[in-house]
Amino acid sequence: MALSTIGQALIDFQKQKELTDTQIAFESHFTVEKIHQIKAGESEPTDDEAKRLTAYFASKK
């Protein structure tokens, strides 16, 4: 499965903010497994999940 746009944004955000998957999962209210799946391209986030992650990114600027 190809990496989604939100998956790439998640990777870029994580590098920029120097956050671990666990920190992102805790702060964004996702499971660590879901964060891993999105980043690996194993799971396409739903529209709601993409909106929640986008809102999380915006809240951390």
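Below you will find a few notes about this structure. (Residues numbered from 1 in each chain as written. Predicted model: local features only at pLDDT ≥ 70, side-chain atom pairs only at ≥ 80, totals over all residues. Heavy atoms only, no water.)

Comments concerning helix H3 (residues 32–40)
Heads up, the condition is: Exposed residues in this analysis have more than 50% of their type's maximum accessible area, buried residues have under 20%, and partly exposed residues fall in between, with area computed by a 1.4 Å probe over protein chains only. Think of it this way: any DSSP run of H or I at least four residues long counts as a helix, any run of E at least two long counts as a strand, and we number them from the N terminus. The arc in question is formed by the directions pointing from the helix axis toward the C-beta atoms. Here, two residues are considered to be in contact whenever any of their heavy atoms come within 4.5 Å of each other.
The set of residues buried in H3 consists of Lys34, Ile35 and Ile38. Angular distribution of buried residues about the axis of H3 spans 100°; they occupy a single face of the element. Where H3 is buried, its residues touch helix H1 (5–17), helix H2 (21–28) and helix H4 (47–59). Positive phi shows up at Gly41, right after H3, with a value of about 75°.

Examining the side chain of Ser28
Rules: Definition of a polar contact: a pair of N or O atoms within 3.5 Å, with one able to donate and the other able to accept a hydrogen when the atoms are protein atoms, and with sequence-neighbouring residues admitted only if both atoms are side-chain atoms.
Among the secondary structure elements, Ser28 is positioned in helix H2. Polar contacts involving the side chain of Ser28 include one to the main-chain carbonyl oxygen of Ile24, which spans 2.6 Å.

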